[in-house]
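As a plain string of letters, each chain reads:
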Amino acid sequence: MRLEPQQRIYVCFFLFAVSMGAMLSRLPDLQDALQIDKSELGLTLIGAAIGALISLTFASPIVARLGARKTAFITVLGTSASLALVPWMGVAPLVFAILLCEGLLAGALEINLNVEIDRIEAQLGRGVMNRAHGFWSLGFFVTALASSVIRQAGISMQLHLALTFTFVLIVGSLVIAGMRNAPARPAQDHPEVGHVALPTLGLLPLCVIGIAAFLVEGAGIDWSAIYMRDVFHVEPFVGGLGLTLFTFFMALARLFADQFVDRFGSRSVALSLLLLSTAGLCAVWVAPHPNVALLGFALMGAGCSAVYPLAVSAAAQRTDRPAHVNVAALGQMSFVVFFLAPPLLGFVAEHAGIRTAYLVCIPVILAALMGVGSLSARRSAFA
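Residues numbered from 1 in each chain as written. Predicted model: local features only at pLDDT ≥ 70, side-chain atom pairs only at ≥ 80, totals over all residues. Heavy atoms only, no water.

Some remarks on the confidence of the model for the chain
In this model, the chain carries an average pLDDT of 86, and 93% of its residues clear a pLDDT of 70 or more. Note that residues 188-193 has pLDDT below 50 and, in this model, 15 contacts with residues that lie over four places away or in other chains. (pLDDT = per-residue confidence, 0-100. Contact = heavy atoms within 4.5 Å.)

In structure tokens:
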């Protein structure tokens, strides 16, 4: 297929999100099938977090050795295959094991795609990181919209995720086949500095920013359907609109964020978006009507949209270590939160109410606001 290098990365992000979004949209059905409560569901989903943490800690040298194309084949197709197996597991421990394997692949995917898009940015001389992550959000939006209709029609989880994997297998094989390794940024062509990626002191503010973004994203994606069902007792289609609106506005903001970053700088954009996330969380917390909650999910999606990509760009452009090591270290502290959000928020939801689960995200947002000074105030990273 005749695609530009960045477009191949866009498709990989999209396919990963389609696979994950299809599974997450069926969490209410998975909970019913496994006959477990919210806390037990959260503990089951933590398998993905454990796998991702292991991978993000140790996989960066493997990713560098395999290269972009081989890593993309293994991780994009492998994560989709793993998630397609989830509905066939009849007990929570087996689902945990499958998600552990999926997390191992997802961590390597995170390192690979983010390093590649940063290198492609350097070649192009313009920002495309937010747009790449926009296709991740677009994938969630598409699958959320489709899943609302699919669930309303009564189609089983097994068939739904099998069809999703078939789509990913066909499209992914065609697109990834033409992928080529982008050259490393000259200033970051370091010798290897070890096999374990751990955050440095200078990277910690970026980690807090990433954690805040992924906590809001996890709260919106993982629990919106269950929130709408339990709080307002709406039909499956309306219940899925929370996830649909969240992912739509996240995708929309990311697809157009790069021009605002070039004009106003990363710091100003991140500050505005974190405040928008706070407003959305508060709306969901106090929502007296389903429409107010849906507005809150839309604000949350737009608010957390470009925050993590901005942190990734800042980490990849640091010159203290190779880009893949810094991106992996950032991913440990933030990407894993995306998987940890289900058990953490599930525990709160089970014992203090699902509304309160959204309230507990706000202190993390406030901590991130104190760390935005670590982002560039320049109007363009390529000026």
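Past the structure itself, the notes keep going.
Details of the state of the cysteines
Disulfides are covalent bonds that link the sulfur atoms of two cysteine residues. As enumerated under the stated definition, the model contains zero disulfides in all. Residue Cys207 stays outside any disulfide, its sulfur separated by 18 Å from that of Cys304, the closest cysteine. Residue classification places Cys207 among the buried residues on the basis of a relative accessible area of 1%. Sulfur of Cys361: no disulfide; nearest cysteine sulfur belongs to Cys304 and is 10 Å away. By relative accessible area, which is 1% here, Cys361 ends up buried. (Disulfide = S-S within 2.5 Å. Buried < 20%, exposed > 50% of the residue type's maximum accessible area, 1.4 Å probe, protein only.)

What to know about the pattern of salt bridges
With the rule as written, the count across this model stands at six salt bridges. Where Arg26 meets Asp29, a salt bridge forms, and the shortest distance between an N and an O atom there is 2.8 Å. Accessibility expressed as a relative area gives 5% for Arg26, which makes it buried. (Salt bridge = Lys/Arg side-chain N within 4 Å of Asp/Glu carboxyl O.)

Remarks on the packing of aromatic side chains
Within the structure shown, the criterion is met by eleven aromatic pairs. Seen in terms of ring centroids, Tyr227 and Tyr358 are 5.5 Å apart; in terms of plane orientation they differ by 80 degrees. Their pairing is edge-to-face. Residue Tyr227 is found in helix 9 (residues 204-232), and its partner Tyr358 is found in helix 15 (residues 354-359); the two are separated by 131 residues along the sequence. Geometrically, the ring pair formed by Phe248 and Phe249 is edge-to-face, given 5.1 Å between the ring centres and 85 degrees between the ring planes. The rings of Tyr227, Phe232, Phe297 and Tyr358 are connected pair by pair, giving a single aromatic cluster. (Phe/Tyr/Trp six-rings, centres within 6.5 Å; stacked < 30°, edge-to-face > 60°. Helix = DSSP H or I, 4+ residues; strand = E, 2+ residues; numbered from the N terminus.)

Observations concerning helix 12 (residues 290-303)
Between its first and last C-alpha, helix 12 extends 20 Å over 14 residues, near the 20 Å set by a 1.5 Å rise per residue. Counted residue by residue, helix 12 has ten buried out of 14 residues, so it is predominantly covered. When helix 12 is considered as a whole, its buried residues turn out to be Pro290, Ala293, Leu294, Gly296, Phe297, Ala298, Met300, Gly301, Ala302 and Gly303. Where helix 12 is buried, its residues contact helix 9, helix 10 (236-264), helix 11 (266-286), helix 13 (307-316) and helix 15. (Expected span 1.5 Å × (residues − 1).)

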